[in-house]
Amino acid sequence: MRLALPRWTGPLAVKAAVFITVMCCALAALLGVLVHVSVTNQTVGQARDTALSRLEEATEAYEAGDPLRRGAGLDPRGLPAPLRELAVSGRRGTVVAETDGHPTMWAAGPAGGGRALAVRVDHSQGERTIDGLDSAIVWSSALAIGATLLVGAFAVTRVTRRLHTTARVARRISAGDLDARVGDPRAQDPTRPQDEVASVAAALDSMAASLQGKLLAEQRFTADVAHELRTPLTGLHAAAELLPPGRPTELVRDRVAALRTLTEDLLEISRLDSGRERLEVEPEPLGELARRVVRGSGTDTRVDVVRDARVETDRRRLERVLGNLVANAHRHGRAPVVLTVDGPVLTVRDHGDGYPDYLLAHGPQRFRTESGTKGHGLGLTIALGQAEVLGARLEFTNPPDGGALAALTLPQQP
């Protein structure tokens, strides 16, 4: 079972700060232990040498019958029992022990008769030296860790700021802003050393430029094809009007009309792709507009006005959006088809099989429809493009009780 980490551990800056802190603490602890052990051994060693030297002097004085110096004696009070046993057994030794509340270095050796000759040396200064060193290690380590953390956080923040900029530009590109670029100074100056962030920024800018070029070429191609088709279609339409009445003439005229509609749709899509569409805003009552759209569609569509509203919008574009939604509902869905007005929200619902999964996941796609259905997938694409020009939000869903639902939410006016 994988351990779930808190959300605050996600950012790279937090991870870097934690890593730097842990490594600094580990390094400071290791160095502190090494210095502590080294200085302790040196201090205790000096005290031991001093105690053994005094024990040697005390032994010579004891054997010569001279009085013992202060701090030396036979089986003195406070002599640690293990050290006395060692001395009685005929060996010399030293030990640090607490005597009368003070750290003391004891040295003892055999004195004959089952007694021990011992000397003691005050070890308080050595303990204070070690304690002072430990305090200095702790404070210096804390300062070093703090300084390293600040410097590391500053360096990491500079990197993460550049990464956030790159991610923000990538999101703008995915949202359709193909003019967005990172413009990392390191990537633009080849004389400066290139790090990984600069490489990613340069790759993203290159990808955006390539994608923009391909899309512009595709838009120009679509517009050029549609414009080139207009002239022969005009002549073809005029020729079809001259044909004698009959079933073949009706079929020709129907196909010519379908081809003209497709050409006009392609031109409209190319204009929407260019991003140069401008709104002609004027007050419009949505209830009356919805009824006008239904009358113009020539379909059996019910209009329900739950709450009428008067909004500032482009009437022609809004009628185009609603007309395409109504036509799509009748072409691909089943009756009844209902156009509902509820304030600034207009919905078109049919009771067919619902929208396909790809459309719900990715939105309308030109020249893509489910197998077996008629059309070119341009009606909903144009509706979505015109809704974006209006500043409205167009959403496609399949209600739980069946059918397909398109909801157009117009922007709210103050």
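In this text, all values refer to a predicted model and were calculated from it rather than measured experimentally.

Participant: Help me get a handle on the overall build of the chain, residues and values and all.
Facilitator: Along the backbone of the chain there are ten helices and eleven strands. Of all 414 residues assigned to the chain, the portion counted as buried reaches 34%. Contacts in the chain between residues at least 24 apart in sequence constitute 61% of all its contacts with a sequence separation of at least 6. Entry remark: accessible area of the chain is about 25200 Å², with carbon and sulfur atoms responsible for 57%.

Participant: How would you explain the sheet that holds strand β11 (residues 404–409) if you had to name every residue and give the values?
Facilitator: Taking strand neighbours across the sheet as the criterion, the five strands line up as β6-β8-β9-β11-β10 in an open arrangement whose pairing is mixed. Looking along the sheet, the strands with just one partner apiece sit at the ends: β6 (301–307) and β10 (393–397). Each strand of the sheet is rotated relative to its neighbour by a mean of 15°, with strand direction disregarded. Pairing of strand β9 (residues 345–350) with β11 involves six bridges; the strand directions are antiparallel. What sits directly across from Arg 349, in β11, is Leu 405. Lying on the sheet, helix α7 (residues 286–297) is in contact with β6, β8 (337–342) and β9; it crosses β6 at an angle near 175°. Contacts from helix α8 (residues 315–332) reach β6, β8, β9, β10 and β11 within the one sheet, and its direction differs from that of β9 by about 20°.

Participant: Describe the pattern of salt bridges, and please don't skip the residues or the numbers.
Facilitator: Following the criterion strictly, the structure yields 16 salt bridges and no others. The partner of Glu 284 in a salt bridge is Arg 315, and the shortest N-O contact between them spans 3.8 Å. Of the two residues, Glu 284 sits in strand β5 (residues 282–285) while Arg 315 sits in helix α8, which places them 31 residues apart along the sequence. Linked through salt bridges whose partners overlap, the residues forming this network are Glu 282, Glu 284, Arg 292, Arg 315 and Glu 319.

Participant: Got a sec to walk through the nonpolar core? Specific residues and values, please.
Facilitator: Ranked by size, the top nonpolar core spans 32 residues in total, and within it Leu 325 and Leu 408 carry the most contacts. For this core, the elements supplying multiple residues, two or more each, are α7, α8, β8, β9, α9 (357–362), α10 (379–390), β10 and β11. Residue contributions to this core peak at six residues, all from α8. Other than its neighbours up to four places away in sequence, Leu 325 contacts Val 348, Leu 380, Ala 383, Leu 394, Phe 396 and Ala 406. Of all hydrophobic cores here, the second largest spans eleven residues; its members include Val 44, Ala 51, Met 105 and Leu 117.

Participant: Would you mind going over the packing of α8 against α10 in detail, with residue names and values included?
Facilitator: Orientation of α8 relative to α10, taken along the N-to-C sense of each, is 150°, at an axis distance of 9 Å. In terms of axis orientation, α8 runs roughly antiparallel to α10. Pair α8 / α10 crosses with left-handed handedness. Contacts from Arg 317, Leu 318, Arg 320, Val 321, Asn 324, Leu 325 and Asn 328 of α8 reach α10 at Gly 379, Leu 380, Ile 382, Ala 383, Gln 386, Ala 387, Val 389 and Leu 390. Partitioning the contact of α8 with α10 into residue classes produces nine nonpolar, four polar and two charged.

Participant: Go over the packing of α7 against α8, please, and point to the residues and values.
Facilitator: Taken N-terminus to C-terminus, the directions of α7 and α8 make an angle of 55°; their axes are 10 Å apart at the nearest point. When the axis of α7 is compared with that of α8, the two are oblique. Read as a crossing pair, α7 and α8 show a hand that is right-handed. Together, Leu 286, Leu 289, Arg 292, Val 293 and Ser 297 of α7 and Arg 315, Leu 318, Glu 319, Leu 322, Gly 323 and Val 326 of α8 make up the contact between the two elements. For the contact of α7 with α8, the class distribution of residues is six nonpolar, two polar and three charged.

Participant: Any details on the environment of Leu 384? Residues and values, ideally.
Facilitator: Tracing the backbone through its elements, the reader meets Leu 384 in helix α10. Taking C-alpha positions, Leu 384 is 6.4 Å from Leu 394, a pair spaced ten residues apart along the chain. When residues no more than four places from it in sequence are discounted, the contact partners of Leu 384 are Pro 364 and Leu 394.

Participant: Give a description of the packing of aromatic side chains that names residues and reports values.
Facilitator: Counting across every chain of the model gives one aromatic pair. Note on Tyr 355 and Phe 396: the rings are 5.3 Å apart at their centroids and 80° apart in plane angle, and the pair reads as edge-to-face. Here Tyr 355, found in the loop between β9 and α9, pairs with Phe 396, found in strand β10; they are 41 residues apart in sequence, far enough to count as distant. No difference in accessibility class separates Tyr 355 from Phe 396, as the two residues are buried.

Participant: Which residues make up a nonpolar patch on the surface, and what values do they have?
Facilitator: A surface patch of nonpolar side chains, amounting to about 400 Å² of accessible area, comprises Leu 27, Leu 30, Leu 31 and Leu 34. Within the element layout of this structure, Leu 31 appears in helix α1 (residues 12–64).

Participant: Please provide a residue-by-residue account of the side chain of Ser 141, values included.
Facilitator: Counting through the fold element by element, Ser 141 comes out in helix α3 (residues 124–174). In this structure the side chain of Ser 141 is engaged in a polar contact, spanning 2.6 Å, whose partner is the backbone oxygen of Ile 137.

Participant: So what's going on with the pairing of β8? Which residues, and what values?
Facilitator: A large share of β8 lies buried, amounting to five of its six residues. Sheet analysis places β6 next to β8, joined by six bridges and oriented parallel. Following the sheet pairing, Val 305 is matched in β8 by Val 341. Remark: two residues form the turn of the hairpin made by β8 and β9, two consecutive strands paired antiparallel; Gly 343 in that turn has positive phi of roughly 65°.

Participant: Residue-level account of the UniProt feature "transmembrane region" (unreviewed entry) in the chain, with values.
Facilitator: Mapped onto the present numbering, the UniProt feature "transmembrane region" (unreviewed entry) falls at residues 12–35 and 136–156. Annotated as 100% helix and 0% strand, the span residues 136–156 places its first and last C-alpha atoms 29 Å apart.

Participant: Lay out the sheet that holds strand β2 (residues 93–99) with the relevant residues and their values.
Facilitator: Read across the open sheet, the four strands follow the order β1-β4-β3-β2; overall the sheet is antiparallel. Both edges of this open sheet fall to β1 (72–74) and β2, since each of them pairs with a single strand only. Here the average twist between neighbouring strands, direction ignored, is 30°. In terms of strand pairing, β2 meets strand β3 (residues 102–112) through seven bridges, oriented antiparallel. Bridging from a neighbouring strand, Val 95 pairs with Trp 106 of β3. Strands in contact with helix α2 (residues 81–88) are β2, β3 and β4 (115–122); relative to β3, the strand with the most contacts, it is inclined by about 25°.

Cut-offs applied
Residues numbered from 1 in each chain as written. Predicted model: local features only at pLDDT ≥ 70, side-chain atom pairs only at ≥ 80, totals over all residues. Heavy atoms only, no water. Helix = DSSP H or I, 4+ residues; strand = E, 2+ residues; numbered from the N terminus. Buried < 20%, exposed > 50% of the residue type's maximum accessible area, 1.4 Å probe, protein only. Contact = heavy atoms within 4.5 Å. Areas by Shrake-Rupley, 256 points an atom, 1.4 Å probe, with all protein chains shown as cover. Pairing = 2+ DSSP bridges. Axes fitted to C-alpha atoms, helices over the stretch in contact; angles between N-to-C directions. Salt bridge = Lys/Arg side-chain N within 4 Å of Asp/Glu carboxyl O. Core = buried A, V, L, I, M, F, W, Y, C linked by side-chain atoms within 4.5 Å. Parallel < 35°, antiparallel > 145°, perpendicular 65-115°, else oblique. Left-handed = near helix turned anticlockwise from the far one by under 90°. Nonpolar A, V, L, I, M, F, W, Y, C, P; charged D, E, K, R; others polar. Phe/Tyr/Trp six-rings, centres within 6.5 Å; stacked < 30°, edge-to-face > 60°. Patch = residues over 30% accessible without salt bridge, like charges linked within 9 Å, V, L, I, M, F, W, Y side chains within 5 Å. Polar contact = N/O pair within 3.5 Å; in protein donor to acceptor, adjacent residues only side chain to side chain. UniProt positions renumbered as here; feature names shortened; annotations may be inferred.

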